[in-house]
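# Tertiary structure, described
The lines below spell out each chain.
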Amino acid sequence: LGAGALSTVGLIGLGVMGRNLALNIADRGFRVIGWDADPAACANFAAGAVATDLAELVRDLEPPRALLLMVPAGEPVERVIDALRPHLAAGDLIADGGNSHYRDSRRRADALRQAGLLYLGLGISGGEAGARHGPAIMAGGDRAAYARLEALLEAIAAPAGGEACVAWLGPDGAGHFVKTVHNGIEYAVMQLIAEAVYLLRHLGGLTPPEMAGLFRNWNRGVLESYLVDCAAAVLAARDAGGGPLLDMIRDRAGEKGTGRWAAVEALELGVAAPSLAEAVAARAMTAAPRGNAAEPSSPPLDGLPADLEPALLAAAVCCYGQGFALLAAAGREYGWELPLARIARLLQGGCIIRARLLDGFAAAFDADATPGPLAHPALAAQVGAGLVPWRRLLAAGIAAGLPLPLFASTLAWYDATTRPRLWADMIQGMRDRFGRHGFERIDRPGQHHHDWGEA
Ligand code: 6PG
């Protein structure tokens, strides 16, 4: 080190994501220097020079310096920031490209600002391949920090519709919040797909290779999306013995937390996003002890594949709608003014939830920046077209004893958004009966109590 030009960016954390992102950055003509606490990770680094320690890494950077952290969320990020700070000078920039909790990002943005440093929280989506060839990047933090890295970020991000899939979405934790909601939607759509396969197996009698063909066809139509493509690959994969790989995979799902964060956030902000929460619960159901009831058997249901395509689209649109409703509410709560139309376009490339159906959301938010979840006629029409088949297959599945948590709760959400009257009159009556919580009346304003007499 020491000879020649200084590096543009110092990348800390040379695991798979960090390494791939560094190769992507280097391919675009930016000089990158890396460091990792693990010597084995350093040995595998081919995108640029490797520093022997943080001091050397910082010395090799053009001032004001830009450091990109690709370390696991939580404590590791804290440790690296603490270790870096003595080496940094006012105006240097720390970008966190991990799946950090947005509350941590808010706190760090604040603490670093007070220390004269700039902070950028980057929600990066697309897995290994995305990091290498073009991820979607949801940026939050200091606008000046974004401006400084904008050219680099635009160069490495995936393109979609003539734009790079990266944008500054708001201050402090805005980028990581949007990534969290992205993951909430990711969980929900994955669960819908898993339930579709479950139905096709049990009520359709289809084999994994047959389903792979069906998913490949769907991916050429309205359902075109990364996750449908990914599902086709899983269904088509063969095990070493020649049989479907799917039959050999234990049906027990793990999770690393970000989908759960989205559901918790919806609960805390009072946003009805049951599909996001149900998807987390559905993973937990697979991990819990299970009984050994006989597999449901019922005669094959005619027309199931044809019903599933519009039903899956309708349900997926509802899940994205819940995610955008959560973004709108968080934007109001935290004063972020999240650009929903830009977010819908940014998610069309590079990320795990990229899907053709996002066109409808981009158009909806272009027309009205703050609509209800499905206020745009095109979105409502997409859901409307899937409703009859959705009810039909859900009813058949329930009658056969198949648990279909996401299809069921998402439909309940949709129906609840469309009915003028629901059930809350009873809730309010009971709250007043036992706790004098009060209720509004339909015939006059104000809060009212009934005289319940002796409790
Ligand atoms: C992505 C993904 C990724 C995410 C996992 C979720 O956008 O590339 O969202 O960042 O963390 O896919 O992982 P779990 O299912 O293990 O929680």
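The structure presented is a predicted model; accordingly, all values stated were derived computationally and were not measured.

## Structural notes on the overall build of the chain
Helix and strand counts for the chain come out as 18 helices and 12 strands. Since a compact globule built from 455 residues should have a radius of gyration of about 23 Å, the 25 Å found for the chain is in line with a globular shape. For the chain, the C-alpha atoms occupy an extent of roughly 75 × 65 × 45 Å along the three principal directions. Counting across all 455 residues of the chain, residues that qualify as buried make up 50%. Put simply, 69% of the contacts in the chain that link residues at least 6 apart link residues at least 24 apart.

## Details of the pairing of strand S6 (residues 118–125)
Within S6, eight of the eight residues are buried, leaving the element largely enclosed by the surrounding structure. Across four bridges, strand S5 (residues 93–96) lies against S6 in parallel orientation. Within S6, the position partnered with Leu-93 by the bridge is Leu-118. Handedness of the crossover joining S5 and S6 through helix H5 (residues 102–114): right-handed. The pairing of S6 with strand S7 (residues 136–141) spans six bridges and is classified as antiparallel. Of the residues in S7, the one forming a bridge with Ile-124 is Ile-137.

## Section: the packing of aromatic side chains
On inspection of all chains with the given rule, the structure shows 11 aromatic pairs. Judged by centre distance (5.1 Å) and plane angle (25°), the rings of Phe-324 and Phe-361 are stacked. On the criterion of sequence distance, the pair formed by Phe-324 in helix H13 (residues 304–334) and Phe-361 in helix H15 (residues 358–367) is long-range, its members being 37 residues apart. Judged by its relative accessible area of 0%, Phe-361 is buried. A ring pair is formed by Phe-324 and Phe-365, whose centres lie 4.9 Å apart and whose planes are at 55°; its orientation type is tilted. Highlighted residues: Phe-324 in helix H13 and Phe-365 in helix H15, separated in sequence by 41 residues. Here Phe-324 matches Phe-365 in class, with each residue buried. Members of the aromatic cluster, connected to one another through ring pairs, are Tyr-102, Phe-177, Tyr-334 and Trp-336. Across the ring face of Tyr-187, the terminal group of Arg-283 is positioned such that the distance to the ring centre comes to 3.6 Å.

## Structural notes on the sheet that holds S7
One open sheet accounts for eight strands, arranged S3-S2-S1-S4-S5-S6-S7-S10; its pairing is mixed. Either end of the sheet is taken by a strand with one partner, and the two such strands are strand S3 (49–50) and strand S10 (166–168). Of the pairings in the sheet, the one linking strand S1 (residues 9–12) to strand S2 (residues 32–35) comprises four bridges and is parallel in character. Across the sheet, residue Leu-11 finds its bridge partner in S2, namely Gly-34. Here helix H1 (residues 16–27) sits on the sheet in contact with S1, S2, strand S4 (66–69) and S6, set at roughly 165° to S1. Against the sheet, H5 makes contact with S5 and S6, and its axis sits at roughly 155° relative to S6, the strand it touches most.

## What about the site of the ligand?
By nearness alone, 13 residues border the ligand, and Asn-99, Ser-125, Glu-186, Tyr-187 and Lys-256 come closest of all. At 2.9 Å from an oxygen atom of the ligand is found a side-chain nitrogen or oxygen belonging to Lys-179. Relative to its unbound accessible area of 420 Å², the ligand is 81% covered by the protein chains. Among the elements that make up the shell around the ligand, the one with the highest residue count is helix H8 (residues 174–202) (five residues). Here the shell around the ligand is built from residues that sort into two nonpolar, six polar and five charged.

## Some thoughts on the environment of Met-248
Inspection of the secondary structure puts Met-248 in the loop between helix H10 (226–236) and helix H11 (258–269). For Met-248, a relative accessible area of 56% translates into the label exposed. As a C-alpha pair, Met-248 and Arg-238 span 10 residues in sequence and 9.6 Å in three-dimensional space.

## A short note on the packing of H13 against helix H16 (residues 377–399)
Two elements in contact, H13 and H16, have axes whose closest approach is 7 Å; the angle formed by their N-to-C orientations is 130°. Classified by the angle between their axes, H13 and H16 sit oblique to one another. With respect to the hand of their crossing, H13 and H16 are arranged in left-handed fashion. Of H16, the residues touching H13 (which contributes Leu-304, Asp-307, Leu-308, Pro-310, Ala-311, Leu-313, Ala-314, Ala-315, Val-317 and Cys-318) are Leu-379, Gln-382, Val-383, Ala-385, Gly-386, Pro-389, Trp-390, Arg-392 and Leu-393. The class makeup of the residues in the contact of H13 with H16 is 15 nonpolar, two polar and two charged.

## Some points on the side chain of Glu-195
Assignment of secondary structure puts Glu-195 in helix H8. No salt bridge is formed by the buried Glu-195; the nearest opposite charge belongs to Arg-283, separated by 11 Å. In terms of polar contacts, Glu-195 uses its side chain to reach the backbone amide nitrogen of Phe-407, at 3.0 Å. Those residues in contact with Glu-195 that lie beyond four places of it in its chain are Leu-404, Pro-405, Leu-406 and Phe-407.

## Some remarks on the nonpolar core
Within the largest apolar cluster, 96 residues are counted, with the highest numbers of intra-cluster contacts made by Phe-215, Phe-324, Phe-361 and Trp-390. For this core, the leading source of residues is H13, giving 19 residues. Contact partners of Phe-324, with chain neighbours within four places excluded, come to Leu-340, Ile-343, Ala-344, Leu-347, Leu-358, Phe-361 and Phe-365. Formed by 31 residues, the second largest nonpolar core is a distinct cluster that contains Leu-21, Ala-95, Ile-124 and Ile-156.

## Some points on H16
Structurally, the α-helix is built with 3.6 residues per turn, so residues lying three or four positions apart point the same way. For H16, which comprises 23 residues, the first-to-last C-alpha distance of 33 Å matches the rise-based estimate of 33 Å (1.5 Å per residue) to within 8%. Its axis deflected by about 45° at Leu-387, H16 carries its strongest bend there, up to four residues before the proline Pro-389. Every buried residue of H16 is listed here: Leu-379, Val-383, Gly-386, Leu-387, Pro-389, Trp-390, Leu-393, Leu-394, Ala-396 and Gly-397. Summarising the contacts, the buried residues of H16 are in contact with H8, H13, H15 and helix H17 (405–418). Note on H16: the residue one or two positions beyond its end, Gly-401, has a positive phi of about 85°.

Scoring rules and cut-offs
Residues numbered from 1 in each chain as written. Predicted model: local features only at pLDDT ≥ 70, side-chain atom pairs only at ≥ 80, totals over all residues. Heavy atoms only, no water. Helix = DSSP H or I, 4+ residues; strand = E, 2+ residues; numbered from the N terminus. Rg over C-alpha atoms; globule rule 2.2 N^0.38 Å. Buried < 20%, exposed > 50% of the residue type's maximum accessible area, 1.4 Å probe, protein only. Contact = heavy atoms within 4.5 Å. Pairing = 2+ DSSP bridges. Right-handed = clockwise from strand over helix to strand, strands pointing away. Phe/Tyr/Trp six-rings, centres within 6.5 Å; stacked < 30°, edge-to-face > 60°. Lys NZ or Arg CZ within 6 Å of the ring centre and 35° of its normal. Axes fitted to C-alpha atoms, helices over the stretch in contact; angles between N-to-C directions. Near = heavy atom within 4 Å. Polar contact = N/O pair within 3.5 Å; in protein donor to acceptor, adjacent residues only side chain to side chain. Areas by Shrake-Rupley, 256 points an atom, 1.4 Å probe, with all protein chains shown as cover. Nonpolar A, V, L, I, M, F, W, Y, C, P; charged D, E, K, R; others polar. Parallel < 35°, antiparallel > 145°, perpendicular 65-115°, else oblique. Left-handed = near helix turned anticlockwise from the far one by under 90°. Lys, Arg positive; Asp, Glu negative; His and termini not counted. Salt bridge = Lys/Arg side-chain N within 4 Å of Asp/Glu carboxyl O. Core = buried A, V, L, I, M, F, W, Y, C linked by side-chain atoms within 4.5 Å. Expected span 1.5 Å × (residues − 1). Bend = angle between axes of the 7 residues up to and from the residue.

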